[in-house]
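Breakdown of the fold
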Amino acid sequence: AQSVTQLDSHVSVSEGTPVLLRCNYSSSYSPSLFWYVQHPNKGLQLLLKYTSAATLVKGINGFEAEFKKSETSFHLTKPSAHMSDAAEYFCVVSGVSGYSTLTFGKGTMLLVSP
Amino acid sequence: DTEVTQTPKHLVMGMTNKKSLKCEQHMGHRAMYWYKQKAKKPPELMFVYSYEKLSINESVPSRFSPECPNSSLLNLHLHALQPEDSALYLCASSQGLAGGLETQYFGPGTRLLVL
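Residues numbered from 1 in each chain as written. Chains lettered and ligands numbered in written order. Predicted model: local features only at pLDDT ≥ 70, side-chain atom pairs only at ≥ 80, totals over all residues. Heavy atoms only, no water.

Let's talk about the overall build of chain B
The secondary structure content of chain B amounts to zero helices and 11 strands. Ordered by position from N to C terminus, the α and β elements of chain B give β-β-β-β-β-β-β-β-β-β-β. Scaling as 2.2 N^0.38, a compact globule of 115 residues should have a C-alpha radius of gyration of about 13 Å, and chain B matches this with 13 Å. Residue pairs in contact within chain B that sit at least 24 positions apart in sequence constitute 55% of those at least 6 positions apart. Of the roughly 5,500 Å² of accessible surface on chain B, a fraction of 51% belongs to carbon and sulfur atoms. (Helix = DSSP H or I, 4+ residues; strand = E, 2+ residues; numbered from the N terminus. Rg over C-alpha atoms; globule rule 2.2 N^0.38 Å. Contact = heavy atoms within 4.5 Å. Areas by Shrake-Rupley, 256 points an atom, 1.4 Å probe, with all protein chains shown as cover.)

If you want it as structure tokens, here you go:
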């Protein structure tokens with residue numbers, strides 16, 4: 001079985017300051033991990049994914065995430081927030097065995113103020 | 001190109017209506033998915049198709065009927081829906097179903113309102 005916990009339902013930052021969105025996972029296997037972003041009334045866009053290659057994963061729009069097996073974490077970071085980053089972010093784990101079904105975290109709403 | 005398209009963008013229907021949602025991808029992906037997303041919640045998996053055959057049905061009520069006419073198209077037929085079925089319906093596709101290695105690409109969704 002696998003699960004994902006996003007530790008914050010809301011994160012508020014000022015434009016230009018760093019972003020940290022926290023995610024912990026549980027998986028019986030070596031997981032694949034993803035971060036997706038969803039802007040209001042839009043579909044989900046893939047930010048980045050980890051599939052057991054480099055532990056530091058770079059994504060689009062300046063985001064990156066670090067896989068830490070010892071801490072079972074996959075936190076998403078960005079050095080400097082932009083107003084357009086305001087959105088819902090989902091941390092997702094995919095099982096290795098069987099079908100490629102995704103387990104979603106509950107989401108973190110990122111609020112960016114001027 | 002990693003585009004999944006969905007039509008219509010918005011749909012309003014009565015409880016006695018029959019309507020269909022359409023999803024299309026031209027990435028050569030062989031797995032396609034339907035998700036339902038309620039407000040402020042993560043998406044919930046409904047159906048998975050692999051090579052045009054239904055692989056997973058997550059105990060979805062029969063008023064939702066999926067169809068995969070070819071490898072690029074996925075439909076969701078709706079009949080006798082309830083107001084609680086109002087949600088954002090998302091389609092996704094992936095290269096295949098190779099365990100956890102596949103990346104799913106999502107469409108923009110259809111916003112459904114059932115009156």
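Description of the pattern of salt bridges
Residues and elements named next belong to chain B. All told, the structure shown has seven salt bridges over all chains when counted by the stated rule. One salt bridge connects E52 with R30, and the closest N-O pair in it is separated by 3.1 Å. Of this pair, E52 sits in the loop between β5 (44–50) and β6 (53–57) while R30 is found in the loop between β3 (18–25) and β4 (31–37), placing the two residues 22 residues apart along the sequence. The partly exposed category is assigned to E52, whose relative accessible area is 33%. The class for R30 is partly exposed, based on a relative accessible area of 28%. (Salt bridge = Lys/Arg side-chain N within 4 Å of Asp/Glu carboxyl O. Buried < 20%, exposed > 50% of the residue type's maximum accessible area, 1.4 Å probe, protein only.)

Digging into the nonpolar core
Judged by nonpolar contacts, the single largest core of 26 residues is most densely connected at W35(A), L48(A), F74(A), L76(A) and Y89(A). If one sorts the elements of this core by residue count, strand β10 (residues 87–94) of chain A sits on top with four residues. Apart from residues lying up to four places away in sequence, F74(A) is in contact with C23(A), L33(A), F34(A), W35(A), L48(A), Y50(A), V57(A), A65(A), E66(A), F67(A) and C91(A). L74(B), L78(B), L81(B) and A87(B) belong to the second largest nonpolar core, which has 23 residues in total. (Core = buried A, V, L, I, M, F, W, Y, C linked by side-chain atoms within 4.5 Å.)

Things to note about the interface of chain A and chain B
The interface of chain A with chain B comprises 23 residues on the first partner and 23 residues on the second. Linking chain A with chain B are zero salt bridges. For the pair chain A and chain B, the interface holds five residue pairs in polar contact (both at pLDDT 80 or more). Listing elements by their share of the side of chain A that touches chain B, those giving two or more residues are β5 (32–38), β6 (44–50), β10 and β11 (102–104) of chain A. If one sorts the elements of the side of chain A that touches chain B by residue count, β5(A) sits on top with four residues. Residues of the side of chain A that touches chain B, tallied by class, amount to nine nonpolar, 11 polar and three charged. (Polar contact = N/O pair within 3.5 Å; in protein donor to acceptor, adjacent residues only side chain to side chain. Nonpolar A, V, L, I, M, F, W, Y, C, P; charged D, E, K, R; others polar.)

Focus on the state of the cysteines
Residue and element names in this part refer to chain B. Applying the stated rule across the entire model yields two disulfides over all chains. Across the disulfide, C23 is cross-linked to C91 (sulfur-sulfur distance 1.9 Å). Across the S-S bond of C23 and C91 the torsion is about -70 degrees, and the bridge reads as left-handed. One end of the pair, C23, is in strand β3; the other, C91, is in strand β9 (residues 87–94), and 68 residues separate them in sequence. A relative accessible area of 0% means that C91 is categorised as buried. Here C68 is not cross-linked by a disulfide; its sulfur's nearest cysteine counterpart is in C23, at 9.2 Å. (Disulfide = S-S within 2.5 Å.)

Observations concerning the pairing of β4(B)
Residues and elements named next belong to chain B. Of all the seven residues making up β4, seven are buried; the element is thus mostly covered by neighbouring parts of the structure. Here β4 shows a buried face lined by A31, Y33, Y35 and Q37 and a second buried face lined by M32, W34 and K36. Relative to β9, β4 runs antiparallel, the two sharing seven bridges. Residue pairing in the sheet places Y35 in a bridge with L90 of β9. (Pairing = 2+ DSSP bridges.)

Take it as geometry only, folks, not as evidence of what the structure does.
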